Amino acid sequence: MTKTANSMWGGRFAAGPDAIMEAINASIGFDRRMASQDIAGSRAHAAMLAACGIITDKDADAIGEGLLTVLSEIEAGDFPFSAALEDIHMNVEARLKDLIGEPAGRLHTGRSRNDQVAVDFRLWVREQCDAVDSALEALMRALIGQAEAGADWVMPGFTHLQVAQPVTWGHHMMAYVEMFARDRSRFADARVRMNTSPLGAAALAGTSFPIDREMTAAALGFDRPMSNSLDAVADRDFALEFLASASICAMHLSRLAEELVIWSSAQFRFVKMSDKWSTGSSIMPQKRNPDAAELIRAKIGRIFGANVALMTVMKGLPLTYSKDMQEDKEQTFDAADSLMLALAAMSGMVADMQANVPSLEAAAATGFSTATDLADWLVRELGLPFRDAHHVTGTLVAMAEAKGEDLPDLTLAEMQSVHAGITNGVFDVLGVRNSVASRVSYGGTAPDQVRARIAEWKGVLDA
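Residue positions are given per chain, counted from 1 along the sequence in the order it is written. A pLDDT threshold of at least 70 governs which residues receive local features in this predicted model, and a stricter bar of 80 or more applies before side-chain atom pairs are shown or counted, although totals over entire chains, interfaces and linings include all residues. To get the side-chain values, take all heavy atoms of the structure and skip hydrogens and water.

> Teacher, can you tell me more about helix H14 (residues 371–382) here?
Three- or four-residue spacings in an α-helix give side chains the same orientation, since the helix completes a turn every 3.6 residues. The way it works is that DSSP assigns letters per residue, a run of H or I at least four long becomes a helix, a run of E at least two long becomes a strand, and they are numbered from the N terminus. One less than the number of residues in a helix, times 1.5 Å, gives the span that helix is expected to have. In a regular helix each residue adds 1.5 Å, so twelve residues correspond to 16 Å; H14 covers 16 Å between its end C-alpha atoms and thus fits that length. Exposed residues in this analysis have more than 50% of their type's maximum accessible area, buried residues have under 20%, and partly exposed residues fall in between, with area computed by a 1.4 Å probe over protein chains only. Among the residues making up H14, those that are buried are Ala 371, Asp 373, Leu 374, Ala 375, Trp 377 and Leu 378. Taken together, the buried residues of H14 touch helix H15 (386–403), helix H17 (427–430) and helix H18 (432–438). Every residue pair with non-hydrogen atoms within 4.5 Å of one another is taken to be in contact.

Here it is in structure tokens:
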């Protein structure tokens, strides 16, 4: 049987290679998200061209007004996007020509799609940094709210997911405040570095027109124009830094999500998740599944993947622009969407969750969690070298374990059988509340220390 000319391409592309080329080449399906940035850049460029005498004021006014009309059509959902026009830049320019005629053709004077896409994308990523900053602040405030409520609630601190030492609920919540504060600083730092304008670099070598790049940079909120035209069109470090910062932030979100999954289990019963953030089972009526936390934990992989994907796209590209770089946006868009959704969901879960204070304190008292307090007491009160105190404590732990008891359950006589110098004063440090109260070093888990850190962070956020 004779095959048709296009059968090798399958039914998806009935028109053959031309349709496939259009599909792989067009970016309008995703870069339409940068419409407002594209129009802002074009309006700044047109105003600058007029100010420099390159186009007339009349043409610049027509372009500026026409672009606002295009933006209103896009925002209203009335814009006729065309894959044949490839991208948001050509779609906007074609529609502008429909609206104002010949002056639209003067807009592209002194620039290229290379610097145009670079400025659009940079503006978009900059806005995402600001959005993430606000979302992180909201999450930090939710964590601080939990910390304030439970500054003196005792819970187990873990290493290797084994009970290690008693800490306070507030201290645990504030640990995540510190993590997310570092995330805020990373995004802020990346924002400073990305806040330079590539507009005016044109295709790669600059332009012979007497443009004013300082003017367009200022109009778009950039600190200054980029100082090398090759770098201006070739650079995607700003997107990579955003994705790297997003990946670290996502890792923190995943760690917190994992704790919420564990803590809400029947085996731990540390927290009860709000119905808003839990689901039931289709077959087991007793179940309350922490689906929101699990989905946050899973979505993090998309953010990590975007970071690796863009690194892989960029690693082999010679200067300056290659079409490979069209693959920078979908990954970044998806990562930004995933991060913002995860931050919003986590803020909601943290604000609504209820700690099971009795379960927390009961768990804190298990696993010989005050053993280190006993060793410290032996050093402080009896003058033992810490290694000797460690050995005495280990012997007492083994004795209590053999009896099925915890350290505070041992009698003074039993303790003195291991070291004769032990006195009744040792019992003052063996309770979990006494333990956390004693951790008064800066950054420690003592309630007063926790409240001091809460006050510090509230001051920072309010400022």
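That shown, we press on.
> Is there a simple way to explain unusual backbone geometry in this structure?
In this model, Leu 319 is joined to Thr 320 through a cis peptide bond whose omega is 10 degrees. Looking at the element boundaries, Thr 320 is found in the loop between helix H11 (291–314) and helix H12 (328–352). If you check the backbone angles, Leu 161 has positive phi at about 60 degrees while not being a glycine. Inspection of the secondary structure puts Leu 161 in the loop between strand E1 (154–159) and strand E2 (162–168). The phi dihedral of Ala 202 falls on the positive side, at around 60 degrees, and the residue is not glycine.

> Looking at this structure, how should I read the pattern of salt bridges?
By definition, a salt bridge exists where a carboxyl oxygen of Asp or Glu is found within 4 Å of a side-chain nitrogen of Lys or Arg. Here the structure, examined in full by the defined rule, presents 31 salt bridges. Across the pair Glu 361 and Arg 433 runs a salt bridge whose closest N-O atoms are separated by 2.9 Å. Taken together, the residues span a long stretch of sequence, with Glu 361 in helix H13 (residues 357–364) and Arg 433 in helix H18 at a distance of 72 residues. With a relative accessible area of 23%, Glu 361 lands in the partly exposed category. Residue classification places Arg 433 among the partly exposed positions, given a relative accessible area of 44%.

> Could you clarify how one ought to interpret the nonpolar core in this entry?
Within soluble globular proteins, side chains that are nonpolar generally end up buried alongside one another. Phe 180, Leu 253 and Met 346 are the most contacted members of the largest nonpolar core, which totals 75 residues. Going through the elements one at a time, helix H6 (113–149), helix H7 (169–194), helix H10 (237–263), H11, H12, H13 and helix H19 (447–462) are the ones with two or more residues in this core. Excluding anything up to four places from it in sequence, Met 346 contacts Leu 139, Leu 253, Leu 256, Ala 257, Leu 260 and Ile 296. Formed by 22 residues, the second largest nonpolar core is a distinct cluster that contains Ala 60, Leu 96, Ala 104 and Ile 211. Here, the term nonpolar core denotes a set of buried Ala, Val, Leu, Ile, Met, Phe, Trp, Tyr and Cys residues that are joined through side-chain atoms within 4.5 Å.

> Is there a simple way to think about the environment of Ser 247 in this case?
The topology assignment puts Ser 247 in helix H10. Spatially, the C-alpha atom of Ser 247 lies 34 Å from that of Ser 369, the residues being 122 residues apart in sequence. Definition of a polar contact: a pair of N or O atoms within 3.5 Å, with one able to donate and the other able to accept a hydrogen when the atoms are protein atoms, and with sequence-neighbouring residues admitted only if both atoms are side-chain atoms. Within the structure, the side chain of Ser 247 is placed 3.5 Å from the side chain of Asn 307, a separation counted as a polar contact.

> Where do I start with the side chain of Ser 369 in this structure?
Its location among the elements puts Ser 369 in the loop between H13 and H14. Side-chain polar atoms of Ser 369 contact the backbone oxygen of Ala 364, separated by 2.4 Å. Residues contacting Ser 369, with those up to four places away along its chain left out, are Val 163, Ala 164, Gln 165, Pro 166, Ala 364 and Val 432.

> How do you make sense of the packing of aromatic side chains when you look at a structure like this?
Describing an aromatic ring pair means giving the distance of the ring centres and the angle of the ring planes. The aromatic pairing rule takes the rings of Phe, Tyr and Trp, using the six-membered ring of Trp, and pairs them if the centres are within 6.5 Å, calling planes under 30 degrees apart stacked, those over 60 edge-to-face and the rest tilted. Evaluated as defined, the whole model comprises eleven aromatic pairs. Centroid distance Phe 121 to Phe 238: 5.4 Å. Interplanar angle 70 degrees. Geometry classified as edge-to-face. Of the two residues, Phe 121 sits in helix H6 while Phe 238 sits in helix H10, which places them 117 residues apart along the sequence. The exposure class assigned to Phe 121 is buried, which follows from its relative accessible area of 0%.

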